[in-house]
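Survey of secondary and tertiary structure
The lines below spell out each chain.
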Amino acid sequence: METSTYHLRCRECGKTWGNQPRSICEDCFSPLEITYDYDSLRSRLSRELFASRAPNMWRYRELLPLPAGFQPSLPVGYTPLVSAPRLGERIGSRRVFIKNDAVCLPTLSFKDRVVAVALANARSFGFDTVACSSTGNLANSVAAQAAREGLKAWIFIPSDLEPAKILGTQVFGAEVVRINGSYDHVNRLCSQIADEHRWGFVNVNLRPYYAEGSKTVGYEIAEQLGWRLPDNVVVPMAGGSLITKIKKAFDELILLGLVDPKPVKFFGAQATGCSPISTAIKQYSSEIEPQRPKTIARSLAIGNPADGHYALKAITKSGGWSEDISDHEVVSSIQLLAETEGIFTETAGGVTVGTARKLIHQDRILPDETTVICVTGNGLKTTDVLANAYAAETPIAPKLSEFEEYIATKAANLPSAFEETASAGVGRQSLIVQGAQTAAAASSLVGAAND
Ligand SMILES: *Cc1c(COP(=O)(O)O)cnc(C)c1O
Ligand SMILES: [Zn+2]
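Residues numbered from 1 in each chain as written. Chains lettered and ligands numbered in written order. Predicted model: local features only at pLDDT ≥ 70, side-chain atom pairs only at ≥ 80, totals over all residues. Heavy atoms only, no water.

A few words now on the coordination of the zinc ion (ligand 2). The coordination sphere of the zinc ion (ligand 2) contains the protein donors Cys 10 (SG), Cys 13 (SG), Cys 25 (SG) and Cys 28 (SG), at a distance range of 2.3 Å. Considering all 4 donor atoms around the zinc ion (ligand 2), the spread of angles at the metal, 96 to 122°, places the coordination shape in the tetrahedral class. Here the donor residues for the zinc ion (ligand 2) map to a single chain with the spacing C-x2-C-x11-C-x2-C. Here Cys 10 is found in strand β1 (residues 6–10), whereas its partner Cys 25 is found in the loop between β2 (16–18) and β3 (32–36), with 15 residues between them in sequence. For Cys 10, a relative accessible area of 3% corresponds to the buried category. (Donors = N, O, S within 2.8 Å, 3.2 Å for Na, K, Ca; no water. Tetrahedral: all angles 85-135°; square planar, octahedral: opposite > 155°, others 65-115°. Helix = DSSP H or I, 4+ residues; strand = E, 2+ residues; numbered from the N terminus. Buried < 20%, exposed > 50% of the residue type's maximum accessible area, 1.4 Å probe, protein only.)

With an omega of 10°, the peptide bond between Leu 105 and Pro 106 qualifies as cis. With respect to the helices and strands, the residue Pro 106 is situated in the loop between β5 (96–100) and α4 (111–124). Although it is not a glycine, Phe 29 sits at a positive phi angle of roughly 60°. When you line up the elements, Phe 29 lands in the loop between β2 and β3. Within the chain, Tyr 78 stands out as a residue other than glycine whose phi angle is a positive 50°. Within the element layout of this structure, Tyr 78 appears in the loop between α2 (47–51) and β4 (81–83). The class for Tyr 78 is partly exposed, based on a relative accessible area of 22%.

The next thing to look at is the site of ligand 1. Near ligand 1 lie 15 residues; those nearest to it are Lys 111, Gly 239, Gly 240, Leu 242 and Thr 376. At a separation of 2.9 Å, an oxygen atom of ligand 1 approaches a polar side-chain atom of Asn 137. In the model, an oxygen atom of ligand 1 is placed 2.8 Å from a nitrogen or oxygen of the Leu 242 main chain. Bound to the protein, ligand 1 loses 96% of the 390 Å² it would expose on its own. Looking at the shell around ligand 1, its residues break down into 7 nonpolar, 6 polar and 2 charged. (Near = heavy atom within 4 Å. Polar contact = N/O pair within 3.5 Å; in protein donor to acceptor, adjacent residues only side chain to side chain. Areas by Shrake-Rupley, 256 points an atom, 1.4 Å probe, with all protein chains shown as cover. Nonpolar A, V, L, I, M, F, W, Y, C, P; charged D, E, K, R; others polar.)

It is worth spelling out the environment of Phe 172 at this point. Relative to the assigned elements, Phe 172 resides in the loop between α6 (163–170) and β8 (175–179). With relative accessibility at 35%, the residue Phe 172 sits in the partly exposed group. In this structure, the C-alpha to C-alpha distance between Phe 172 and Ala 146, residues 26 residues apart in sequence, is 8.5 Å. Sequence-distant contacts of Phe 172, defined by excluding residues within four places in its chain, comprise Thr 107, Asn 140, Ala 143, Ala 144 and Ala 147. (Contact = heavy atoms within 4.5 Å.)

Glancing now at helix α5 (residues 137–149). Spanning 13 residues, α5 covers 18 Å between terminal C-alpha atoms, matching the ideal 18 Å at 1.5 Å per step. For α5, a buried count of 10 out of 13 residues is recorded, marking the element as mostly surrounded by other parts of the structure. For α5, the complete set of buried residues consists of Asn 137, Leu 138, Ala 139, Asn 140, Ser 141, Val 142, Ala 143, Ala 144, Gln 145 and Ala 146. For α5, the elements touching its buried residues are α4, β6 (129–133), β7 (152–158), α6 and α8 (207–212). Immediately beyond the C-terminal end of α5, within one or two residues, lies Gly 150, with a positive phi of roughly 70°. (Expected span 1.5 Å × (residues − 1).)

Sheet architecture is open: 4 strands sit in the order β8-β7-β6-β9, paired in parallel fashion. Each having just a single partner strand, β8 and β9 (200–201) make up the two edges of the open sheet. Here 2 bridges tie β6 to β9, and the two strands are oriented parallel to one another. Within β9, the position partnered with Ala 131 by the bridge is Phe 201. (Pairing = 2+ DSSP bridges.)

Moving on, we get to the pattern of salt bridges. For the coordinates displayed, the defined rule picks out 26 salt bridges. Salt-bridge contacts for Glu 212 lead to Lys 248; the nearest nitrogen and oxygen are separated by 2.9 Å. Here Lys 248 lies in helix α10 (residues 241–255) and Glu 212 lies in helix α8, a separation of 36 residues in the sequence. Residue Glu 212 is classed as buried on the basis of its relative accessible area of 0%. Owing to a relative accessible area of 12%, Lys 248 belongs among the buried residues under this scheme. One salt bridge connects Glu 323 with Lys 358, and the closest N-O pair in it is separated by 3.6 Å. One end of the pair, Glu 323, is in strand β12 (residues 321–325); the other, Lys 358, is in helix α14 (residues 347–361), and 35 residues separate them in sequence. Connected through shared salt-bridge partners, Arg 11, Glu 33, Glu 212, Lys 215, Lys 245, Lys 248 and Glu 252 make up one network. (Salt bridge = Lys/Arg side-chain N within 4 Å of Asp/Glu carboxyl O.)

With that out of the way, let us pick up the sheet that holds β4. If you walk across this open sheet you meet the 6 strands as β4-β5-β13-β10-β11-β12, and the pairing is mixed. Each edge of the open sheet is held by one strand with a lone partner, namely β4 and β12. Adjacent strand axes in the sheet meet at a mean angle of 25°, parallel and antiparallel pairs treated alike. As paired elements, β4 and β5 share 3 bridges and run antiparallel to each other. Looking at β5, one finds that Val 82 is bridged to Ile 98. Across the sheet, α14 lies against β10 (232–236), β11 (265–271), β12 and β13 (371–375), angled at about 120° from β12, the strand it touches most. (Axes fitted to C-alpha atoms, helices over the stretch in contact; angles between N-to-C directions.)

The topology assignment puts Asn 100 in strand β5. Residue Asn 100 is classed as buried on the basis of its relative accessible area, which comes to 8%. Leaving out residues up to four positions away in the same chain, Asn 100 has contacts with Thr 79, Pro 80, Ile 343 and Val 375.

Bringing a nonpolar patch on the surface into the picture now. On the surface, Ile 396, Leu 400, Phe 403 and Ile 407 cluster together into a nonpolar patch covering about 370 Å² of accessible area. Secondary-structure assignment places Phe 403 in helix α15 (residues 400–413). (Patch = residues over 30% accessible without salt bridge, like charges linked within 9 Å, V, L, I, M, F, W, Y side chains within 5 Å.)

Any functional reading would require information beyond the geometric quantities listed.
Written out as structure tokens, the structure is:
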């Protein structure tokens, strides 16, 4: 495979560091980032070239840091961008799209993109063991892709992760180390281990390479909108890397003449129980105060976000905003997305959908603007948060009479479902209001079940 020219550069002092497993500038201790020779790329790249290639993230290969001779072994990415009119009616937007990384391959989260790029480089840097600190999805993805590549994997996680995310790591034969502590403790430990063991930590010493994989979400959104940029993007934030990389992707497409320049507002989404970035933004502060996470949105539970500062800058400079929602709203938003669009997201997607709804209600996102909501993970990994949401149905005998009796009881007991049917045919405006009420009713139902 042909490769682009790229290298590490310090984000603050600009010093270049070639290509090596390193994430911090030795001179000024700032993070390193990959930069490309955009002048030489401009003449080589076109919409037609990308479109002529297979539908996966490798179609943007020149804009990724891939070593010479790299051959991808998995068709990662190019997930659906789906219009979401029913969700839109309920949250008050007429042009809303879901970027659905709940179905990203191979492990059903957007982390497959970053891991694919990190492992391509782990190999070329000579590592036979890869590792990571993870809030869950990264663990799944490193374990799976390491198995595929024949690399050994050491995975470090907080001990209280969702069972499905732990099992979904162990099944690939990875060494799983559970740490009594938060993600921030796990990550600190991994930085120390990375100094002692010659391992490729995808989000520590390989972090600049890893992070570039997130750009493919941005390229895909633009291409799937017909090589146009949206007005707004709503992105969940953990370490804050993804949102900055979607912005970098849009900036690159403009720089390369592949899309028309256009202002895009970036909106960050967090859970209130772990909201260091949104809290700073809402207080008009440029300082991010670390928090001790307490939320069911475990994949976003990073109290001291590595890229928080850059995420905050990207959001505020774009004219965007950040909000956070309660765990209660996370659950009702998971249900809302599932019931309106047939997409089952994990808690992080609930955070994004619920935050988008809040931003629309605040008039920060307007109904006729094109808004993309990033759904980054799959609901089957966090089913525990819905454990109390639905009553266990009592089974009935295989008899028509029993079913008729059953359906009669249902009709008597389920007022909210019938309210919704009754609203069909009402004008759009009242539907939006109705939707808001139904969502509130749904969340109060969940609340009752949880109590
Ligand atoms: C890791 C993760 C994020 C956030 O990624 P950052 O780049 O750390 O902000 C969002 N959603 C899901 C499901 C994740 O696993
Ligand atoms: Zn520097």
